[in-house]
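Here is what each chain is made of, one letter per residue.
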Amino acid sequence: MDRKLIRPETVEEALSEREKYGRDALPIAGGQSLLVLLRNKLIDPKVLIDLQTLEELQGMKRQDAGLSIGAMTTIYGLASSSDVQMAAPILAQGASKVGSTAIRNLGTIGGNLCHNEPGADLPPALLALNAAVELRSRKGTRKVPLREFFRNYFETVVTPEELLCGVEIPKLPEGASGVYLKHAISSEDLAIVGVAAVLVPHEKQAGAVREVRISLGGVSPVPFRATKAENVLNSGVLSDEVIREAGEVAAAEAEPMTDPHASADYRSKMVKVLVRRAIAAAMGQLERNGNGKA
Amino acid sequence: MAKLKLQINGEEIELEAKETALLLDVLRERLELTGTKRGCETSHCGACTVLLDGMAVHSCVVLAARCEGKEITTVEGLSHDGELNELQQLFLRHGALQCGYCTPGMLMAATALLRRNPRPSLEEIKIGLDGNLCRCTGYIGIFDAIQACAQGKVETA
């Protein structure tokens, strides 16, 4: 039987369809991954629920508390938005590294997160930004920190009755710097290792850092915050030795996987290198902003 | 089946298609607009690139039903009255093709790029074409043709 395409006009309608069809339906956002999975017969939903026409899921708002991004905001929209560049520059960096131009034109932030493909570029950036997602169903709305969102390869906590409607990014502390680095075979590939780092400078002590955040994608089945490596960096001055140690610790806590793109051993080595480079680059930014040791 | 009303190369076309038909299949199989090539069908190679409201998209990962109310441009829509447009002529002049299979996609990606950024740097051209593969490895000619188009240098033969 032919697959059905349902095109709701409001989120409420979409949620009713979600409840009605349960596991027989999948929501389609930008379609850039979902239509490939369909074509390769990896999924076979009876129904697709089209989110494209839902205006409530479009657009973004920059407020004092931070940035709210509608789930259907495109990756190109993120990469080219001055609000994102100002409020969450590492998200703009991550977005500019997703797939190719055509994929960025149609792919969405909500779709990218719900697909949860290892090596996706947005999750590490959003994890380092302490982002949370808004999940809605007919029963209500819940806000889930991104750190609790990813469950396994291509699996998230979203239930068959829910829709991811938006992403909330709290405002970065004053003077924070950050960077997203991607290591891939070719620019349009998924990351073998993607590292996001955020450094928050100490208000009073020039050259000191009061908070370090590191997240990793592409290494393990799910993207994660490298909390042990963060602890190493949070416990003292960021000397070359401490930064090197943080790279080692991140590699140890990553439990890297082997797949056709790279072996676990190679991933582990690249984590060490990229964590080091990411911290160094973020420190360089702090220095240029006048918060560093220089 | 669903009734579709599509705007393709300035023409309004009505047809019936499966609800989840792909734009690539509609263009090639139903409308015989075979300039748009079927390549990897997994959004990697860019042979199927078309413009959707002026933006480059891979038609193998676009539902035709979602294109209603939008302007679709295929490679057939670039020439006017049988005359190749400036970019197409520059592709010829700079030898920007060998087997030609990637060429329609390259032309569409380049057209979208030049609309978004009329004076792209070489680096920006490479990013604009990052969704299009040429397996004859003829990128240099393609970059030259696009740069020449951006500079408005049409040398008369």
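Residues numbered from 1 in each chain as written. Chains lettered and ligands numbered in written order. Predicted model: local features only at pLDDT ≥ 70, side-chain atom pairs only at ≥ 80, totals over all residues.

**Some details on the overall build of chain B**
Put simply, the rule reads: In DSSP terms, a helix is any run of H or I states spanning at least four residues, a strand is any run of E spanning at least two, and both are numbered starting from the N terminus. With the radius of gyration taken over C-alpha atoms, the globule rule is written as 2.2 Å times the number of residues to the power 0.38.
Helices and strands together make up the secondary structure of chain B, namely five helices and five strands. Reading the secondary structure of chain B in the N-to-C direction produces β-β-α-β-β-β-α-α-α-α. Radius of gyration (C-alpha) of chain B: 15 Å, near the 15 Å computed for a compact globule of 157 residues. Along the first, second and third principal axes, the C-alpha atoms of chain B reach 50 × 30 × 25 Å.

**Some remarks on the overall build of chain A**
Quick note on the threshold: Buried residues are those with 20 or more other C-beta atoms within 10 Å of their own C-beta, exposed residues have 12 or fewer, and partly exposed residues lie in between; C-beta atoms are placed from the backbone. Residue pairs are scored as contacts if the distance between their C-beta atoms, which are placed from the backbone, is within 7 Å.
From N to C terminus, chain A includes 11 helices and 14 strands. At 19 Å, chain A has a C-alpha radius of gyration in line with the 19 Å of a compact globule built from 294 residues. Its C-alpha atoms put chain A at 65 × 45 × 35 Å along the principal axes. Buried residues in chain A amount to 51% of all 294 residues. Look at the contacts in chain A between residues 6 or more apart in sequence, and 62% of them connect residues 24 or more apart.

**Thoughts on the interface of chain A and chain B**
For the record, the criterion: Polarity classes work like this: nonpolar for Ala, Val, Leu, Ile, Met, Phe, Trp, Tyr, Cys and Pro, charged for Asp, Glu, Lys and Arg, and polar for all others, with Gly in that last group.
The interface of chain A with chain B comprises 20 residues on the first partner and 22 residues on the second. Taken together, the elements giving at least two residues each to the side of chain A that touches chain B come down to β1 (4-6), α2 (34-39), β3 (47-50) and α6 (101-106) of chain A. Counted by class, the side of chain A that touches chain B contains seven nonpolar, seven polar and six charged residues.

**Notes on the packing of helix α2 (residues 86-93) of chain B against helix α5 (residues 139-150) of chain B**
Each pair of packed helices can be described by the angle between their axes along with the distance between the axes. All names here are of chain B. Note the following rule: In this analysis, axes come from line fits to C-alpha atoms, helices being fitted only over the stretch in contact, and the angle between any two N-to-C directions falls in the range 0 to 180 degrees. Between 65 and 115 degrees an angle is taken as roughly perpendicular, under 35 as roughly parallel, over 145 as roughly antiparallel, and anywhere else as oblique. By convention the crossing between two helices is left-handed if the near helix lies anticlockwise of the far one by an angle smaller than a right angle, and right-handed if it lies clockwise.
Contact geometry for α2 and α5: axes closest at 8 Å, N-to-C directions at 135 degrees. By the criterion of interaxial angle, the relationship of α2 to α5 is oblique. Between α2 and α5 lies a crossing whose hand is right-handed. Contact with α2, carried on its side by Glu 86, Leu 87, Leu 90 and Phe 91, involves Ala 145, Ala 148 and Cys 149 of α5 and no other residues of that element. Classifying every residue of the contact of α2 with α5 by side-chain character gives six nonpolar, no polar and one charged.

**Quick notes on the domain arrangement of chain A**
Frequently, the measure chosen for interface size is the accessible area removed from exposure when the parts meet. Residue and element names in this part refer to chain A. As a reminder of what qualifies: Segmentation of the chain into domains, including their bounds, is taken from an automatic or database domain assignment.
As far as domains go, chain A holds domain 1 (4-50 + 58-170) and domain 2 (178-288). In this assembly, 23 residues from domain 1 lie in contact with 23 residues from domain 2. By residue number, the principal contributor to the side of domain 1 that touches domain 2 is helix α8 (residues 122-128), which donates five residues. Partitioned by chemical class, the residues of the side of domain 1 that touches domain 2 number 11 nonpolar, seven polar and five charged.

**Details of the sheet that holds strand β5 (residues 66-70) of chain A**
All names here are of chain A. Counted only if it meets this: Pairing between strands is defined by DSSP: at least two bridges between the two strands are required.
Taken in spatial order, the five strands line up as β4-β5-β10-β6-β7 in an open sheet, and their pairing is antiparallel. Only two strands of the sheet have a single partner each, and these edge strands are β4 (60-62) and β7 (140-145). In this sheet, neighbouring strand axes are inclined to one another by 20 degrees on average, regardless of whether the strands run parallel or antiparallel. Taken together, the five bridges between β5 and strand β10 (residues 163-170) define a ladder with antiparallel strand orientation.

**As for the environment of Asp121(A)**
Residue and element names in this part refer to chain A. Locating Asp 121 in the fold gives a position in the loop between α7 (109-115) and α8. Each C-alpha atom, one on Asp 121 and one on Tyr 76, is 13 Å from the other, the two residues being 45 residues apart in sequence. Sequence-distant contacts of Asp 121, defined by excluding residues within four places in its chain, comprise Gly 94, Lys 97, Val 98, Lys 182, Ala 191, Gly 194 and Gly 217.

**A few points about the nonpolar core**
All names here are of chain A. As a reminder, the rule being used: The term nonpolar core refers to a group of buried residues, namely Ala, Val, Leu, Ile, Met, Phe, Trp, Tyr and Cys, whose C-beta atoms join them within 7 Å.
One finds Ala 197 and Ala 250 to be the most contacted residues of the largest nonpolar core, which totals 145 residues. Considering every element that reaches this core, the biggest residue donor is helix α11 (residues 264-288), with nine residues. The residues touching Ala 250, leaving out its near neighbours within four places in the chain, are Ile 214, Leu 216, Ala 226, Ala 229, Val 271 and Val 275.

**Some details on the domain arrangement of chain B**
Residue and element names in this part refer to chain B. On domain assignment, one finds that chain B holds domain 1 (2-76) and domain 2 (86-150). The gap between the C-alpha centroids of domain 1 and domain 2 is 21 Å. Counting residues at the interface gives 15 residues for domain 1, matched by 13 residues for domain 2. Elements supplying a minimum of two residues to the side of domain 1 that touches domain 2: β3 (49-52) and β4 (55-58). By residue class, the composition of the side of domain 1 that touches domain 2 is eight nonpolar, six polar and one charged.

**Digging into the sheet that holds strand β11 (residues 177-183) of chain A**
Residue and element names in this part refer to chain A. Across the sheet, four strands lie side by side as β11-β12-β13-β14; this open sheet has antiparallel pairing. Each having just a single partner strand, β11 and β14 (224-225) make up the two edges of the open sheet. Bridge analysis of β11 against strand β12 (residues 193-201) gives seven bridges, and the strand direction is antiparallel. Bridge assignment links Ser 177 to a residue of β12, and that residue is Leu 199. Relative to the sheet, helix α5 (residues 89-96) contacts β11 and β12, its axis offset from that of β11 by approximately 15 degrees.

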